[in-house]
Each structure stands twice: as structure tokens, then as C-alpha cells.
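Below are the chains, spelled out letter by letter.
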Amino acid sequence: QRSTTVCYGLGQNPQTAFPVCGTASFEQRTVPTCGGRTVPNPACRDNLTDVNPFWYKFTCFETGTLGFLITPSNLSDDYDWQLFDITGRDASAVYTDVGLVVASNWSGEGGLTGASSQGKQLNICGGGGQPLFSKMPTITKGRQYLLLISHFTDSQSGYKLSFGGGTGSTTLGSSSITDTTPPHLSRAVATCDAASVVVYLNKKMRCSSLAADGSDFRLSTGAATITSAVTTSCQTGFDMDSVRLTLSAPLPVGTYKVISKKGTDGNTIIDYCDNFIPESEEITFDVLPLVPTPMDSLITPACAPGYLDLVFKKGIACASIASNGSDFVVSGPSAVNVVGASGECDGNGFTRSIRVQLSAPIQAGGLYTLTLKNGTDLNTIIDLCGQETPAGSSVSFSLKDTVSADFSYNTYLGCRIDTVTFENQGLSGVNSWQWSLADGKSSAIRNPVAYYNIFGQKRIRLIVSNGFCTDTVTKTVNLDNSIKANIKFPDIICPEEPAVFEDASTGHLIYWSWNFGNGQSSTMQNPTPQPYTLPPLTRELNYNVRLVIGNELGCYDTANISVKAVSSCYITVPSAFTPNHDGKNDFLYPLNAFKATDLSFRVFNRYGQLVFETNDWQNKWDGTVNGKLQPAGAYVWTLSYTEIETGKKVSTRGSSALIR
């Protein structure tokens, strides 16, 4: 078990990791002895530790696979590595959250190691005989990663790290971690005393490329020269995104330029991927009079604003803003109360904007004024140069009245077409109407009329605007005058068994007219059961039944059906049949099984062999098996079924003669 000692060197902790680029190689000539903290791994049970570690950080700029090679200075040294995805997480989480691990290799063998196409697994655990190369992991655009390199061998011999190649592998991609954004100057701001200028870069760049004497920059004026360049982030890290230039003398009020150039170190500022800020690139800045920052810029409020956003040319001290909003008062056509104020404060406690929170949205239009006053903190607001903006400073803004998209409607129902009229009052200067009237209909006038030949619920939406305020209202209009005739009727009518007919129509009905085809009629919604008496015939008869329905609008619809009346519903099996194709008694099957379900009919010859089987009572045996005529004689049958109306299960058997 190795002891744990704190690592203090830059790059030896996750928080101070080296920034890297896919186009560059990195060399550590010596590896200081420290570390020993446990790192989690999803595939390995052994305790894994960051022995004599170095850490590297990078952002993925293009989704793809990542390949890299670690080459020990002493090829017998055992180097291990583990890759983490730390997007949105504190770097220290690598010691506790196993879910951050992307890939790793903790092989106990010495020699070259890394991720390449020869790798078969994403995570390789410790021990002898384990492969030194892991499978290339997939990394995702926009996510941030940390790579730990751990030196297990007890020596301080170093290594080289390169992206884009590996022993015994095909060429590996390094473009995924290569930043293709060109480096540039972003903006410059003079300090309050005009004796310094802070230059901001468009991304983080190498601290080592900054000339301490400030010679990477020059001014467009001879009123002062640059004497030094410093950046606080380089005291604890490797990269910077801003530089403070100290001047030989304060600059007078005016507009100036900072211009990039090669410094005494032979280069301009360089990014991670060794790209230079172009020579002679310039950025403009102003030296303003040392006067209070005016309250002169207000982001144009939206309709019915619940807050007001002030923007300032200089930073405002967040500590000078009364959080209860008492630094501000709003006056205008309607009463407005301020209930809070806050800024988006940076790490130094300054903000370039203040949001003034109102107690309720302003509904009434007109000219309003936001005025500064001494708050409960006994001051107004104070800028980064210590200047207090005078009480009484103000900025005005205009609003228009809020609008309403509420609408009314009237329906005029018909048998074939319904008419609906819509109306919006058009108050508060509304000059735009966008109607969505369902069924593909729309309109842009104030009071449209719509016609519908398909009835039912219609979802109506109206959007109104006066050019400043907008409102939307949605309502459902129910055109419920649709009618449809329909009849619920029996499949089969058995002798002397009355047929029950029921109204299955839809709509708001007041009229029913039945004709049952048996000489009877009715005006009831659900009429009494109807008798259908048959003569003693063996054939079936069909009866036409008609239902006419109507509603209070005088609209009608008709349903026509045909019902079958049969001569018998008594289930039996013939005692004999003659399959001679004369159309009389040619088949053997259960007769009249109209009201049976789960039916099974089977026929056996005298040897007990099954010759016919069916679950459909109208599937009949013709006296053949596989097309071969069966001999005359007695055949045994079995029949089982369930009565539909009673649920009673019936099972019977008998014999029938086949006569030829």
C-alpha cells in the first residue's frame, strides 16, 4: 500500500490540469513523487491510485474517437491512465464519481501505452499480462475531459504524450480535441485611473506566450507606453483569457487602440494549438471622464413588463444596489411599485446591468419614468470607479395598453351546414387578428363567419396584437347537432321467438319511426319485441327493417337492415346422408347451430379412425377423406358446444349412416 502525499506542482492536481491540443506533443522530463489518492473505476475491483500523477484537460470540438500514445523515457516503466468526462462538474469529482470514467488502462506491464485501434476493451484493469492499449473511446462535441497519467514505477523518469498515433495501430484521429477557432483580441477596457488597460481574449490562451514586459502589445498613441503585462490566472494555472497592461502614464480622455505585435519573446499571444493572434490586430477602447455613470440605457420593455433592465457603460458595485429596490421609483399613468433590484455580479462584485423588479406587470399604456433615489442603504448606485450616480437621474420609456383576444360567438345549426359567427371587441388599438377556425379554416378580419359541414367540437384560437402587445385565447365550440341512425338487432330470429330491436343512433333525437318488415311499425325509441311467424318450411327468410330518426331542427336520417329468420334453432345431426350430389341431404353436419359457440364436431369410421373434424358448424362432411370416397356404413360422431344465450355446455354423440 503506497502512502498518500499531497501534490503541489502545477498540473499534478485535477484543478490545475495542463490544457492540451490534438496537434501538439507534451513532454514531462521528470515526474515528482507524490499522490496516492484512490480513483474509482467501473470495471476494476482493485484500489487504483494516482501515483506521481499529471493531469491534462481538453474540450471536444468534434464528436469522434480519441487516440493517444504515452511513451515512457525508460521503456520498462509502468505508466497507467484514466479518462474522465467532467462536463459541468468540479474537477475534484474524479475521486468520488465512478460515472465520470470514460476509458482507462491500468496494465501492470511496462512500455508504451494509450488508446488505439489495437485495443479491444475501454477499461483494462491492473496486473501482469494485461494489454497496454485500450479501445479508442468516443468523445462528444462540446464536452470537457480530464486525462490522468499515473506513474506506477518508483522513479522520476518522465514520458511524452502525443495525440494522433500509436504503436501497431492505424492513424488515430486527433481533430476531435483540436480547437479550430482562430485566436483574437476580444475587447479592451481602461481602468478608472486610466493608468492600465485590461485586454480580453476570445478564448483561453497559453500563459507562457505572454511577454511580461508587455511587448506583445502597443498603443495607438504616444501619450503613454506599455511597461508590463500581468494576469492573475497564470499564477495558479497555464492559461489566461485577459491581460492587464500597465501604462507609463495615465491616458487623457479619448478613444484609443491596443494593437498586437511580436513581443521580446518572438511571438504574439498563442492558443493551445500553437496558433498566433495576428500581428497588428487592434481593438478600440475609451477613456471616459471620471464622472458618475449615467442612468442612460434601458432595454426596451416588452408588453406588460414585470421588470425593467438597466444597462451601464461601467460596472456598478453590486454592494451599492439596495436589494429591496428602494434605489428606484417608477412614475407614469398607472401606479407602479418597485419591490426588488439585483445585478449579474462578476467575481469582483460588479455588474453591467441591474434588473428592477416590479410588484406586478404594467398593464396601462403611456409614458413612464424610472428615477434613481437614495435607497434604504443611504446611497444611490456606485460605479467601479467609486462614483455615485446622482439621485434624480432618470430614464423614460413608453408602453402600449395590453390587449385581449377574448371573443364571443353565435351558432346557427342546420341539417347539412352549421354557421358560426365570431366577434372580438378590438379594444386598446388592436389592429391584427389571426383566427384559427378548425377544419383548415382561418381568417384575418375582426369578426369572421365560418361554415361547417362536419359537426362536432371545434377548437378555435384567436391571436390579437396592437403592434406591441399580443394576446391569445382558445375556446371550444361544440356543434352537437349531428345525427346518425343505427339499429342493434339479432343475428338470427328463431321460430316463435320475438326479435328485439334497439335504437343505437346518435344525436339529440325527438323522433323515431320503425318499420319491421312483418307488417308492424312503431314510433317508440326502443319498440316492443317483434314476432316473426314462419310456415313449416325448411328455407330461411330475410326481413327488411327500417328506422327513421329526427331531431328538433327537422333533420332526419335513415338506417336499413336485413334480419334472417330461420325455420328451426334446434341443434341436431341427421341420422343418414347421401353424398350423391343431387342437392338433397348430401352432407353430414350439425343442423341449425345458429346459437352455439365453442363448437366441436368430429366423425369416426368403424375402426375408430377420425375422418372429419371441424369447429364451424357450416363446414360439412362430404363423405370423403383426402378426396377419396369413404365406404357406405355407420359412422360415429361427437358434438360439443356452448349455448350462447344460457352459457350451458352441451356434449352429445351418435351415429349416422352414409348411404351410396
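Above this text sits the structure in question.
Computed from a predicted model, the values in this text were never measured in an experiment.

On to the overall build of the protein, then. For the protein, the helix and strand inventory stands at zero helices and 49 strands. Rg of the C-alpha trace for the protein: 46 Å, well past the compact-globule value of 26 Å for 660 residues, more than 25% over. Across the protein, contacts joining residues at least 24 apart in sequence account for 63% of those joining residues at least 6 apart. For the protein, the exposed surface amounts to about 33,200 Å²; the carbon and sulfur share of it is 49%. A gap of 7 Å separates the mean positions of the 48 positive and 56 negative side-chain charges of the protein.

In this section: the side chain of Ser 505. You can see Ser 505 is positioned in the loop between β38 (502–503) and β39 (511–515). A polar side-chain atom of Ser 505 sits 3.0 Å from the main-chain amide nitrogen of Asn 486. In terms of polar contacts, Ser 505 uses its side chain to reach the side chain of Asp 503, at 2.6 Å. Among residues more than four places away in sequence, those in contact with Ser 505 are Lys 484, Ala 485, Asn 486, Leu 547 and Ile 549.

Moving on, we come to the sheet that holds strand β19 (residues 226–230). What the four strands build is an open sheet, ordered β16-β17-β20-β19; its pairing is antiparallel. What marks the edges here is a single partner per strand, and that holds for β16 (185–190) and β19. Strand after strand, the sheet turns through a mean of 25° between neighbouring axes, direction not considered. Looking at chain direction, strand β17 (residues 196–206) and strand β20 (residues 239–247) are connected through seven bridges and run antiparallel. Across the sheet, Val 197 pairs through a bridge with Leu 245, a residue of β20.

Once that is clear, we can look at the layout of surface pockets. Within this model, the largest pocket holds a volume of roughly 1,100 Å³. Forming the walls of the largest pocket are 37 residues, and the residues nearest its centre are Val 189, Ala 190, Val 198, Tyr 200 and Leu 384. Secondary structure elements with two or more residues in the lining of the largest pocket: β16, β17, β20, β22 (282–287), β23 (307–317) and β26 (350–358). For the lining of the largest pocket, the per-class residue count stands at 19 nonpolar, nine polar and nine charged.

Moving on, we come to the pairing of strand β27 (residues 366–372). By the bridge criterion, four bridges tie strand β24 (residues 328–331) to β27 in an arrangement that is antiparallel. Within the sheet, the bridge partner assigned to Val 329 lies in β27 and is Thr 371. Where β27 meets strand β28 (residues 394–399), six bridges bridge the pair, whose relative direction is antiparallel. Bridged to Tyr 368 within β28 is Phe 397.

Even without being glycine, Ser 280 reaches a positive phi, approximately 70°. Non-glycine residue His 581 carries a positive phi angle of around 65°. As for its placement among the helices and strands, His 581 is situated in the loop between β43 (576–577) and β44 (596–604). Taking relative accessible area as the criterion, His 581 reaches 73% and is therefore assigned exposed.

Along the chain, Thr 578 turns up in the loop between β43 and β44. Spatially, the C-alpha atoms of Thr 578 and Phe 594 are 24 Å apart, while their sequence positions differ by 16 residues. Apart from the residues lying within four places of it in its own chain, the contact partners of Thr 578 are Lys 584, Asn 585, Asp 586 and Ile 659.

Next up on the list: the pattern of salt bridges. One pass over the structure, following the stated rule, counts 16 salt bridges. For Arg 143, the salt bridge goes to Asp 85, with nearest N and O atoms at 2.7 Å. One end of the pair, Arg 143, is in the loop between β13 (138–139) and β14 (144–151); the other, Asp 85, is in strand β8 (residues 79–85), with 58 residues separating them in the sequence. Relative accessible area serves as the criterion here: at 15%, Asp 85 is assigned to the buried category.

Take the environment of Pro 250 next. Checked against the element boundaries, Pro 250 lands in the loop between β20 and β21 (254–260). In this structure Pro 250 comes out as exposed when scored by relative accessible area, which is 52%. With 26 residues separating them in the primary sequence, Pro 250 and Ala 224 have C-alpha atoms 7.1 Å apart. Residue contacts for Pro 250: discarding those within four places in its chain leaves Asp 193, Ala 194 and Ala 195.

So, how was this worked out
- Residues numbered from 1 in each chain as written.
- Predicted model: local features only at pLDDT ≥ 70, side-chain atom pairs only at ≥ 80, totals over all residues.
- Heavy atoms only, no water.
- Helix = DSSP H or I, 4+ residues; strand = E, 2+ residues; numbered from the N terminus.
- Rg over C-alpha atoms; globule rule 2.2 N^0.38 Å.
- Contact = heavy atoms within 4.5 Å.
- Areas by Shrake-Rupley, 256 points an atom, 1.4 Å probe, with all protein chains shown as cover.
- Lys, Arg positive; Asp, Glu negative; His and termini not counted.
- Charge placed at Lys NZ, Arg CZ, Asp CG, Glu CD.
- Polar contact = N/O pair within 3.5 Å; in protein donor to acceptor, adjacent residues only side chain to side chain.
- Pairing = 2+ DSSP bridges.
- Axes fitted to C-alpha atoms, helices over the stretch in contact; angles between N-to-C directions.
- 1 Å grid on protein atoms, 1.4 Å probe; cavity = no way out; pocket = protein on both sides within 12 Å on 5 of 7 lines; lining within 4 Å.
- Points joined across faces, edges and corners; volume = space filled by probe spheres on them.
- Nonpolar A, V, L, I, M, F, W, Y, C, P; charged D, E, K, R; others polar.
- Buried < 20%, exposed > 50% of the residue type's maximum accessible area, 1.4 Å probe, protein only.
- Salt bridge = Lys/Arg side-chain N within 4 Å of Asp/Glu carboxyl O.

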